[in-house]
Amino acid sequence: MAPAETADPVARGRRVLVLEAEAIRRVAERLGPSFAAALHLLTQVKGRLIVSGLGKSGLIARKIAATFTSTGTPATFLHPVDSLHGDLGIVGRDDAALLLSKSGASDELFGLVEQLKRFGVPIIAITGDPDSGLARHADVVLDASVTEEACPETLAPTASTTAALALGDALAVALLEDKGFRRDDFAALHPGGSLGRKLLLRVGDVMLTRDLPMLLPDRPMRECVVLLAKRRGTVAIVNRTGSLLGVVTAGDLTRLMERTDRFLDTPVAEVMTRAPKTTTPGELAGAAVRLMETHGIMALPVLDGGDTVVGIVHLHDLMKAGAV
């Protein structure tokens, strides 16, 4: 067999991914009543979730705490050693704790466990040893054990930390679903990021509302041609009360010119596309972009919820605003 340094690097990388995926699959198969108990415990928490772990487990704990916080459950990482040197002050009696340890036997973790028990803080343990000391002190134990690490000779935690992270994600997602946490809630917690902008941005924030390119159905195409040239290729055709009847686009004009060169006096009603795609001011900007891309449309009339035109939104403006 070829030495590892000369073996196919893609095969080596694939082996690690397959092994870690298999570890998560086995954790999923073992998932049972203890997961439901952990979730129930978390739904009862009035304070915050204290997440802790040491070494590599501590790094995973930090990410899990961030996931809970970003999905509507206040959480904070507490280093088990620092907790015994003043940082325990962040723990309240209405809190709960999520402790991570592969062995469940880290001495540095038990000082924190003792203090949590003294405060009456319920403990959920994610550990690779369900019979460990940590497991015996926990109120709920989630089994994150793996048959082998992806790292040769188990030099570093790999599959085990992946399994622990996946369990933390499973708890966070199940909890947000129980709480009814929605896209708008997520966006409100992420206003500064591109994802937050996409989730918060509405058509009404981008649409044009002044000097809209609109014509009555009996107006001639010569007027429409002028508007198409000046107003970015889409004209809304409306009745006298402002209700949408159809649209004429640059594409409609091109197809008309291919059929005849005597079209300038043609009423726009004979050229317009009837029942065009539309949107509303409250629609997510990203949804409007998807509609345009799906149907090859560069602009959409914006209706007030009925059939009255209150604006026009252009794909270019949506993209410029960060909707994609």
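Worth saying up front: this structure is predicted, and the values here are computed from it rather than measured. Here the residue numbers are simple positions, counted from 1 along each chain's written sequence. With pLDDT at 70 or above as the cut-off, local features in this predicted model cover only qualifying residues; side-chain atom pairs require 80 or more to be listed or tallied, and sums for whole chains, interfaces and linings still use all residues. Side-chain descriptors were evaluated using all non-hydrogen atoms of the structure, hydrogens and water having been removed beforehand.

Student: How should unusual backbone geometry be read in this particular structure?
Tutor: Across residues other than glycine, the phi torsion is negative in most instances, and most of the peptide bonds are trans. Despite not being glycine, Asp211 shows a phi value in the positive range, around 50°. Counting through the fold element by element, Asp211 comes out in the loop between helix H9 (203-206) and strand E6 (214-215). Judged by its relative accessible area of 61%, Asp211 is exposed. A run of H or I in DSSP counts as a helix once it spans at least four residues, and a run of E counts as a strand once it spans at least two, with each numbered from the N terminus. Throughout, exposure labels follow a simple rule: accessible area from a 1.4 Å probe, protein chains only, divided by the maximum for the residue type, with under 20% read as buried, over 50% as exposed, and the rest as partly exposed.

Student: Would you mind showing me how to read the pattern of salt bridges here?
Tutor: A side chain of one charge can pair with a side chain of the opposite charge when the charged atoms of the two come close. Any Lys or Arg side-chain nitrogen located within 4 Å of an Asp or Glu carboxyl oxygen qualifies as a salt bridge. Considering all chains together, one arrives at ten salt bridges under this definition. The partner of Arg26 in a salt bridge is Glu22, with the nearest N and O atoms 3.3 Å apart. Note that Arg26 and Glu22 are positioned in helix H1 (residues 9-30) at a spacing of four residues, about one turn of the helix. Assessed through its relative accessible area of 32%, Arg26 is described here as partly exposed. With a shortest N-O distance of 3.1 Å, Lys63 and Asp169 are connected by a salt bridge. With Lys63 in helix H3 (residues 56-70) and Asp169 in helix H6 (residues 159-179), this residue pair connects regions lying 106 residues apart in the sequence.

Student: Where do I start with the layout of surface pockets in this structure?
Tutor: Gaps left between atoms are located by rolling a probe of water-molecule size over the structure's atoms. Residues are said to line a cavity or pocket when one of their atoms sits within 4 Å of a point; the points come from a 1 Å grid over protein atoms alone, cavities being sets where a 1.4 Å probe fits but cannot get out and pockets being open sets with protein on both sides within 12 Å along at least five of seven lines. Grid points are joined across faces, edges and corners, and a volume is the space filled by probe spheres set on the points. Put simply, the largest pocket is a space of about 310 Å³. No other element matches helix H11 (residues 250-259), which puts four residues into the lining of the largest pocket. Grouping the constituent residues of the lining of the largest pocket by class yields eight nonpolar, seven polar and three charged. Residue polarity is assigned by list, with Asp, Glu, Lys and Arg as charged and Ala, Val, Leu, Ile, Met, Phe, Trp, Tyr, Cys and Pro as nonpolar; anything else, Gly included, falls into the polar class.

Student: What is the right way to look at the environment of Asp169 in this model?
Tutor: For Asp169, a relative accessible area of 25% translates into the label partly exposed. Taking the C-alpha atoms as reference points, Asp169 and Val121, 48 residues apart in sequence, are found 22 Å from one another.

Student: Quick question: what am I supposed to make of H1 here?
Tutor: Along an α-helix, residues three or four apart share an orientation, since each turn contains 3.6 residues. An ideal rise of 1.5 Å per residue puts 32 Å on 22 residues; H1 measures up with 32 Å between its terminal C-alpha atoms. Regarding H1, the residues found buried are Leu19, Glu20, Ala23 and Val27. End-on view of H1: buried residues confined to an arc of 90°, all on one side of the axis. Opposite the packed face of H1, turned more than 90 degrees from it, sit the exposed residues Arg14, Leu17, Val18 and Glu29. In this description, contact between two residues means that some pair of their heavy atoms is separated by no more than 4.5 Å. For H1, the secondary structure elements touched by its buried residues are strand E5 (140-143) and H6. Nitrogen and oxygen atoms within 3.5 Å of one another constitute a polar contact, given that in protein one can donate a hydrogen and the other can accept it, and given that sequence-neighbouring residues count only through two side-chain atoms. Regarding H1, its N-cap is Asp8, as a side-chain oxygen of that residue lies 3.0 Å from the backbone nitrogen of Val10 further along. For a helix, the expected span equals 1.5 Å multiplied by the number of residues minus one. Directions are taken from the helix axis to each C-beta atom, and the arc is the one they span.

Student: What is the right way to look at the sheet that holds strand E1 (residues 49-53) in this model?
Tutor: Across a sheet, paired strands are connected by hydrogen bonds in the backbone, their directions being either parallel or antiparallel. Sheet architecture is open: five strands sit in the order E2-E1-E3-E4-E5, paired in parallel fashion. Only two strands of the sheet have a single partner each, and these edge strands are strand E2 (75-77) and E5. With strand direction ignored, the average angle separating the axes of adjacent strands in the sheet is 20°. One bridge is not enough; two strands pair if DSSP finds at least two bridges between them. Where E1 and strand E3 (residues 96-101) come together, five bridges link them in parallel fashion. Residue pairing across strands places Leu49 opposite Ala96, the latter belonging to E3. Relative to E3, helix H4 (residues 107-119) is tilted by about 160°, and along the sheet it contacts E1, E3 and strand E4 (123-127). Between the N-to-C directions of two axes lies an angle of 0 to 180 degrees, each axis being a line fitted to C-alpha atoms and, for a helix, fitted only over the stretch in contact.

Student: Can you help me understand the nonpolar core in this one?
Tutor: Soluble globular proteins tend to bury their nonpolar side chains together. Only buried residues count toward a nonpolar core. Its members are Ala, Val, Leu, Ile, Met, Phe, Trp, Tyr and Cys residues joined through side-chain atoms within 4.5 Å. Within the largest apolar cluster, 30 residues are counted, with the highest numbers of intra-cluster contacts made by Phe68, Leu98 and Leu100. At the level of elements, helix H2 (33-43), E1, H3, E2, E3, E4, E5 and H6 are the ones that each hand at least two residues to this core. Contacts of Leu100, omitting those with residues within four sequence positions, involve Val51, Ser52, Gly53, Leu54, Ser57, Ile60, Ala61, Ile64, Leu109, Ile126 and Ala164. Counting 16 residues, the second-largest nonpolar core is a separate cluster that includes Phe119, Val121, Ile123 and Ala138.

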